[in-house]
Amino acid sequence: MKRTILITGGAGFIGSHVVRLFVGKYPDCRIVCLDKLTYAGNPANLADVAQAPNFVFVKADICDLERMRAVFREYDVEGVIHLAAESHVDRSIRDPFTFARTNVLGTLSLLQAASEHWAGKTEGKRFHHISTDEVYGALQADGTFFTEATRYDPHSPYSASKASSDHFVRAFHDTYGLPTVVSNCSNNYGPYQFPEKLIPLFINNIRLGRPLPVYGRGENVRDWLYVEDHARAIDAIFHRGRIGETYNIGGCNEWRNIDLVRVLVRTADRLLGNPEGHSEHLITFVADRAGHDLRYAIDARKLREELGWEPSLQFEEGIEKTVRWYLDNRKWTDDVTSGEYANYYEQMYGRR
Ligand code: NAD
Ligand code: TYD
């Protein structure tokens, strides 16, 4: 094997797509997928690459500094793509400490292990930190965008913890010369997303005839990107992005939540063979999320102009593929919602 790339959070939603892309595209590289397997991490997401000769799975907690040091030593890690995180805003509102622990302290222990292992020999090494557009705060509905120069202004415990981790990454670059790069991406959608996030939750609820809890009036806007396009952007930035830089990644694809939910209802009803409008009555307006950011929208010009990346999928095509995947893979959703999540759902929405 030419070199080892460590991908943290590789059993989660986005991480599993990145692992799949890298295992297939770089057969000469050893891909070490490191994951604690929290409720959001699922080995089934990697079933199709688990037997590949260049794939290694390590079950570990990124907060365990000694373990991180040992992993860097054992595999002589030369590149890191760091996705492991607690990622759901609603959970962060209920339990901010877990977010600070994993997202801040976990990132710090990985940075420490990398800078110790690479001390004095940073040539060819790279630490790519995966972050979110939510660190920039909220935009008004005024056509402005987040750029890489936008001031950080996080509002949720989730975005505050990600903002903090981004600052630590830059501090390790500026203080210790760690070869880092950061990318901040908009909302992802696609297969293998845990069904507590808007799109898979609502597809599942439409299938089961359960209410679709739209926060507030559904007027919040998100910029949606198909997950495989995010994985392609990570590949480009990890290999060709400039050290010390930040790259914004976005779909140029803004939707008000309520309009998106109507597209989901129409698409799912059609694929389920229901008459048009059959599931519209499930749309239920519920109390708004605390501190709910009104709008996120990314200006991805830097990534396009420097590295030639563009989203490849039109939204209609991506949504069709996604709804079809969840309807064709009901067992996957049923399996991941059968344990701890069932209790979580009950606490959140008062029913199953
Ligand atoms: P996810 O919740 O689906 O997956 C997170 C993974 O990290 C899981 O496999 C989990 O087991 C693992 N993990 C959690 N805590 C860990 C720990 N202490 N040690 C080791 N592994 C641990 O998240 P996702 O949606 O795939 O997001 C991945 C990354 O991308 C996160 O850093 C997130 O902030 C970022 N991001 C997500 C989105 C999005 O729309 N989902 C958008 C932009 C950025
Ligand atoms: P989510 O998928 O949680 O992503 P994020 O909060 O990171 O953007 O939510 C996307 C949008 O959908 C967000 O504006 C909150 C809203 N939402 C609902 O209206 N109802 C829901 O049940 C969920 C989970 C989200």
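Residues numbered from 1 in each chain as written. Chains lettered and ligands numbered in written order. Predicted model: local features only at pLDDT ≥ 70, side-chain atom pairs only at ≥ 80, totals over all residues. Heavy atoms only, no water.

**Looking at the packing of aromatic side chains**
- Throughout the structure, instances matching the rule amount to 18 aromatic pairs.
- Where Phe99 meets Tyr158, the ring centres are 6.4 Å apart and the plane angle is 85 degrees; that geometry is what we call edge-to-face. Residue Phe99 is found in helix H4 (residues 96–117), and its partner Tyr158 is found in helix H5 (residues 157–176); the two are separated by 59 residues along the sequence. Side by side, Phe99 and Tyr158 carry an identical accessibility label, which is buried.
- A centroid spacing of 4.9 Å and a plane angle of 85 degrees characterise the contact between Trp325 and Tyr326, whose relative ring orientation is edge-to-face. In terms of burial, Trp325 and Tyr326 fall into one category: buried.
- Ring pairs connect the aromatic residues Tyr189, Trp224, Tyr226, Trp255 and Phe315, which therefore count as one cluster.
- Between the NZ or CZ atom of Arg91 and the centre of the ring of Tyr39, over which it lies, the distance is 3.5 Å.
- The ring of Tyr247 carries Lys302 above its face, with NZ or CZ at 4.8 Å from the centroid. (Phe/Tyr/Trp six-rings, centres within 6.5 Å; stacked < 30°, edge-to-face > 60°. Helix = DSSP H or I, 4+ residues; strand = E, 2+ residues; numbered from the N terminus. Buried < 20%, exposed > 50% of the residue type's maximum accessible area, 1.4 Å probe, protein only. Lys NZ or Arg CZ within 6 Å of the ring centre and 35° of its normal.)

**A short note on the pattern of salt bridges**
- Considering all chains together, one arrives at 22 salt bridges under this definition.
- Residue Glu254 pairs with Arg295 through a salt bridge whose shortest N-O separation is 2.7 Å. Here the residue Glu254 occupies a position in strand S11 (residues 254–256), and Arg295 occupies one in the loop between strand S12 (283–286) and helix H9 (301–307), the gap between them amounting to 41 residues.
- What you see here is one network of salt bridges that share partners, running through Arg242, Glu245, Lys302 and Glu306. (Salt bridge = Lys/Arg side-chain N within 4 Å of Asp/Glu carboxyl O.)

**A closer look at the site of ligand 2**
- Close contacts around ligand 2 come from 19 residues, with Glu134, Pro213, Arg222, Arg289 and His292 the closest.
- Taking Asn257, its side chain carries an N or O atom lying 2.9 Å from an oxygen atom of ligand 2.
- Between an oxygen atom of ligand 2 and a side-chain N or O atom of Arg289, the distance comes to 2.5 Å.
- For ligand 2, whose accessible area on its own is 500 Å², the fraction buried by protein is 97%.
- Looking at the shell around ligand 2, the elements with two or more residues in it are helix H6 (198–208) and strand S8 (212–215).
- For the shell around ligand 2, a count of residues per class yields nine nonpolar, five polar and five charged. (Near = heavy atom within 4 Å. Polar contact = N/O pair within 3.5 Å; in protein donor to acceptor, adjacent residues only side chain to side chain. Areas by Shrake-Rupley, 256 points an atom, 1.4 Å probe, with all protein chains shown as cover. Nonpolar A, V, L, I, M, F, W, Y, C, P; charged D, E, K, R; others polar.)

**Notes on helix H7 (residues 227–240)**
- The first and last C-alpha atoms of H7 sit 20 Å apart over 14 residues, in line with the 20 Å expected at 1.5 Å per residue.
- Judged by how many residues are buried, H7 sits mostly within the fold: 10 of 14 residues are covered.
- Buried within H7 are the following residues: Val227, Asp229, His230, Ala231, Ala233, Ile234, Asp235, Ala236, Ile237 and Phe238. (Expected span 1.5 Å × (residues − 1).)

**A word on unusual backbone geometry**
- Not every positive phi belongs to a glycine, and Leu37 is a case in point at roughly 55 degrees.
- The exposure class of Leu37 is partly exposed, given its relative accessible area of 25%.

**Let's talk about the site of ligand 1**
- With respect to spatial proximity, 29 residues lie near ligand 1, and among them Ile14, Asp35, Ser87, Tyr158 and Lys162 are the closest.
- Interatomic distance of 2.9 Å between a side-chain N/O atom of Asp61 and a nitrogen atom of ligand 1.
- Ile62 is positioned with one of its backbone polar atoms (N or O) 3.0 Å from a nitrogen atom of ligand 1.
- Protein chains shield 97% of the accessible area of ligand 1, which is 830 Å² for the free molecule.

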